Amino acid sequence: MKNIKNQDKEVYRATMGELKRQQEGMEMIASENYVSEAVLEALGSVFTNKYSEGYPGHRYYGGQEYTDVVESLAIARAKKLFGAEHVNVQPLSGAPANMIAYSAVLKPGDKVLGMDLAHGGHLTHGHPVTLSAKIYNFVRYKTDAFGKIDYRELEKMAVKEKPKMILAGFSAYTRQLDYKKFQAIAKKVGAITMFDIAHIAGLIAGKALPNPVPYFDIVTTTTHKTLRGPRGGMIMCKEKFAKAIDKATFPGFQGGPHENNIAAKAVAFGEALKPAFKKYAVQTIKNAKILEQELKKYGFDICFGGTDNHMVLVDVWGSKGVSGKEAQEALDEIGISLNKNMIPNDTRNPMDPSGIRIGVPAITTRGMKEKEIKIISKWIKDAIENKDDKKELKKIHNEVIKLCRKFPLYKNLK
Ligand code: DSN
């Protein structure tokens, strides 16, 4: 950081503050992770200077011999990771990737079945506050009383609504989807299938979860989260949708792709192809399972009955009489970052809901395993149960810092 340090003290101080926060804090926001220093280098590389509208071999500006190399590498590596027929690595992030995918195959007013936000879905899957809901007609399915997707209900809904698209995917749902059932229901009603795998992409790439790509027409994802790449998006699809997806990306929705980001995607996908990433993906799920079991032991209600992926959704209001916001704030005080979250059939409001979402991708990247997860689970319980006891919170915070220092992060960054 020596150039920033010499030139811009304010940005330097903020950057170093964030570095220290990440090094000495426990990151448990389910959608966050730590990229490698190689990915950071690619992000800060000279590719940031380059405009490259179009696709490798077919660009609108000159000077593309190296942008074509990195973009082709990112595409080839993504195809290998997910067995995709076609890949577009240009979407700037997950929300644009979803809007691009909708616009590629839907017309304004078309009907889409998507998962309800409070039942684990995502804003861009048709929540009324989003642009997607203003353009398309979203009908949203929910989980049942056992916290599972009821495929018979989904089928009934699909037969009744006759949607143009059935959308799978989530940002807080913790159970494994039955890909074949989605495919069969969509086939019955002639709908296009789309799956937003943003949260679990790394677990799929690491072969710790089954690969949905063969079963869905379109699969969107972010490249950060469990996939541990730079912030960005990606769309995979069957060959028959390839042209529509590419046209909808550029020029339909975006201008020049961010090639520094695409270079970083290539680096991250290269890392995900290595055997160590498989171990990471498996360990991530193991860690989440231990977290689930420990929290259950401490009397927390775990939504959806448990977890099959990298996160747990906890009903802190129902089990401890502490709201999601209060729990998030207490945990912030001990250096554990996570987020308050709505739970299925929540009676509270989104700014102070009943739940918290806890994820383990980032702490697993640091190398934490069962032993540490057990310690962290106890800290989470102690902080929530003693949320007003500043002295106790301070004591736990010191322990959190000590543990984080045992699993150092970004040792070479200064
Ligand atoms: N913001 C991401 C998450 O936390 O799940 C998804 O958009």
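Reading the values: rules and limits
- Residues numbered from 1 in each chain as written.
- Predicted model: local features only at pLDDT ≥ 70, side-chain atom pairs only at ≥ 80, totals over all residues.
- Heavy atoms only, no water.
- 1 Å grid on protein atoms, 1.4 Å probe; cavity = no way out; pocket = protein on both sides within 12 Å on 5 of 7 lines; lining within 4 Å.
- Points joined across faces, edges and corners; volume = space filled by probe spheres on them.
- Helix = DSSP H or I, 4+ residues; strand = E, 2+ residues; numbered from the N terminus.
- Nonpolar A, V, L, I, M, F, W, Y, C, P; charged D, E, K, R; others polar.
- Axes fitted to C-alpha atoms, helices over the stretch in contact; angles between N-to-C directions.
- Parallel < 35°, antiparallel > 145°, perpendicular 65-115°, else oblique.
- Left-handed = near helix turned anticlockwise from the far one by under 90°.
- Contact = heavy atoms within 4.5 Å.
- Near = heavy atom within 4 Å.
- Polar contact = N/O pair within 3.5 Å; in protein donor to acceptor, adjacent residues only side chain to side chain.
- Areas by Shrake-Rupley, 256 points an atom, 1.4 Å probe, with all protein chains shown as cover.
- Salt bridge = Lys/Arg side-chain N within 4 Å of Asp/Glu carboxyl O.
- Buried < 20%, exposed > 50% of the residue type's maximum accessible area, 1.4 Å probe, protein only.
- Phe/Tyr/Trp six-rings, centres within 6.5 Å; stacked < 30°, edge-to-face > 60°.
- Core = buried A, V, L, I, M, F, W, Y, C linked by side-chain atoms within 4.5 Å.
- Pairing = 2+ DSSP bridges.

**Student:** Just to check I follow, could you spell out the layout of surface pockets for this structure?
**Tutor:** Of the volumes computed, that of the largest pocket is approximately 790 Å³. Lining the largest pocket are 28 residues, and of these Gln22, Val35, Leu40, Tyr410 and Leu413 lie nearest its centre. When residues of the lining of the largest pocket are traced back to their parent elements, those giving at least two are helix H2 (9–24) and helix H3 (37–43). With seven residues, H2 is the single largest residue contributor to the lining of the largest pocket. A class-by-class count of the residues in the lining of the largest pocket yields 12 nonpolar, eight polar and eight charged. One number sums up the size of the second largest pocket: a volume of about 410 Å³.

**Student:** Could you clarify how one ought to interpret unusual backbone geometry in this entry?
**Tutor:** Note the cis peptide between phenylalanine 250 and proline 251, where omega equals 10°. A positive phi angle, close to 65°, is found at lysine 207, a residue other than glycine. Mapping lysine 207 onto the fold places it in the loop between helix H9 (201–205) and strand E9 (218–222). Phi is positive for phenylalanine 304, which is not a glycine, with a value near 60°. Note on placement: phenylalanine 304 falls in the loop between strand E11 (301–302) and strand E12 (311–315).

**Student:** Could you clarify how one ought to interpret the packing of helix H12 (residues 275–297) against helix H16 (residues 370–385) in this entry?
**Tutor:** The angle between the axes and the distance between the axes are what describe a pair of packed helices. Direction vectors running N to C along H12 and H16 enclose 40°, while the axes themselves pass 9 Å from each other. Accordingly, the angle class assigned to the pair H12 and H16 is oblique. Our pair here, H12 against H16, has a crossing hand that is right-handed. Contacts from Gln283, Lys286, Asn287, Ile290, Leu291, Glu294 and Leu295 of H12 reach H16 at Glu370, Ile373, Lys374, Ser377 and Ile380. Its residues assigned to classes, the contact of H12 with H16 comprises five nonpolar, three polar and four charged.

**Student:** What's the story with the site of the ligand in this structure? I'm lost.
**Tutor:** In the vicinity of the ligand, the contacting residues are Ser31, His122, Ser171, His199, Lys225 and Arg357. Contacts to the ligand include serine 31, whose side-chain N or O atom sits 2.7 Å from an oxygen atom. Here the ligand has 230 Å² of accessible area as a free molecule, and 62% of this is covered by the chains. When its residues are assigned to classes, the shell around the ligand shows no nonpolar, four polar and two charged.

**Student:** So what exactly am I meant to see when it comes to the pattern of salt bridges here?
**Tutor:** A side chain with one charge can pair with a side chain of the opposite charge if their charged atoms come near. Taken as a whole, this structure holds 28 salt bridges when the rule is applied. With its nearest N and O atoms 2.9 Å apart, the salt bridge here joins arginine 59 to glutamate 71. With a gap of 12 residues between them, arginine 59 in strand E3 (residues 58–59) and glutamate 71 in helix H4 (residues 65–82) connect regions that are remote in the sequence. On the basis of relative accessibility, which here comes to 15%, the residue arginine 59 falls in the buried class.

**Student:** How should the environment of alanine 263 be read in this particular structure?
**Tutor:** Residue placement: alanine 263 occurs in helix H11 (residues 259–272). Overall, the relative accessible area of 6% leaves alanine 263 in the buried class. In the structure, alanine 263 is positioned 196 residues away from threonine 67 in sequence and 8.1 Å away in space, judged by C-alpha atoms. Not counting the four nearest positions on each side in its chain, alanine 263 is found in contact with Ala42, Phe47 and Val70.

**Student:** Honestly, the packing of aromatic side chains in this entry has me stumped. Any pointers?
**Tutor:** In this description, a pair of aromatic rings is defined by centroid distance and the angle of the planes. Across all of its chains, the model carries 16 aromatic pairs by this definition. Pairing tyrosine 60 with phenylalanine 250 gives two aromatic rings, centres 5.7 Å apart and planes at 65°, and the pair type is edge-to-face. Here the residue tyrosine 60 occupies a position in the loop between E3 and H4, and phenylalanine 250 occupies one in helix H10 (residues 239–253), the gap between them amounting to 190 residues. Take tyrosine 60: its relative accessible area is 62%, and that puts it in the exposed class. For phenylalanine 250, a relative accessible area of 14% translates into the label buried. With centroids separated by 5.6 Å and ring planes inclined at 70°, the aromatic side chains of tyrosine 102 and phenylalanine 138 adopt a geometry described as edge-to-face.

**Student:** Just to check I follow, could you spell out the packing of helix H5 (residues 94–105) against H10 for this structure?
**Tutor:** Running from N to C, H5 and H10 point in directions that differ by 120°, and their axes come no closer than 8 Å. On the basis of the axis angle, H5 is oblique to H10. Relative to H10, H5 is oriented so that their crossing is right-handed. Facing Pro96, Met99, Ile100, Ala101, Ser103, Ala104 and Val105 of H5, the residues of H10 in contact are Phe241, Ala244, Ile245, Ala248, Thr249 and Phe253.

**Student:** Looking at this structure, I do not really get the environment of lysine 369. What am I missing?
**Tutor:** With respect to the helices and strands, the residue lysine 369 is situated in the loop between helix H15 (361–365) and H16. The sequence separation of lysine 369 and isoleucine 290 amounts to 79 residues, and the corresponding C-alpha distance is 9.2 Å. Ignoring sequence-local partners within four residues, the contact set of lysine 369 consists of Gln283 and Asn287.

**Student:** Sorry, what's going on with the nonpolar core here?
**Tutor:** Most often, soluble globular proteins have nonpolar side chains that are buried together. Counting residues in hydrophobic clusters, the biggest one holds 55 residues, and the most contacted among them are Phe82, Ile149, Leu177, Phe182, Phe195, Ile197 and Met236. Looking at this core, the element that brings in the most residues is H4, giving five residues. In this structure phenylalanine 182 touches Tyr141, Ile149, Tyr151, Leu154, Ile166, Leu167, Ala168, Leu177, Thr193 and Phe216, once residues within four positions along its chain are discounted. Grouped together as the second largest cluster of nonpolar side chains are 35 residues, Met368, Ile384, Cys404 and Phe407 included.

**Student:** Got a minute to help me understand the sheet that holds E12 in this structure?
**Tutor:** Either a parallel or an antiparallel arrangement is found when strands of a sheet pair, and the pairing is made through backbone hydrogen bonds. The strand order across the open sheet formed by four strands is E11-E12-E15-E14, and the pairing between neighbours is antiparallel. Edge strands, defined here as strands with exactly one partner in the open sheet, are E11 and strand E14 (339–341). As paired strands, E14 and strand E15 (residues 355–359) are joined by three bridges and run antiparallel to one another. Bridged to asparagine 339 within E15 is arginine 357.

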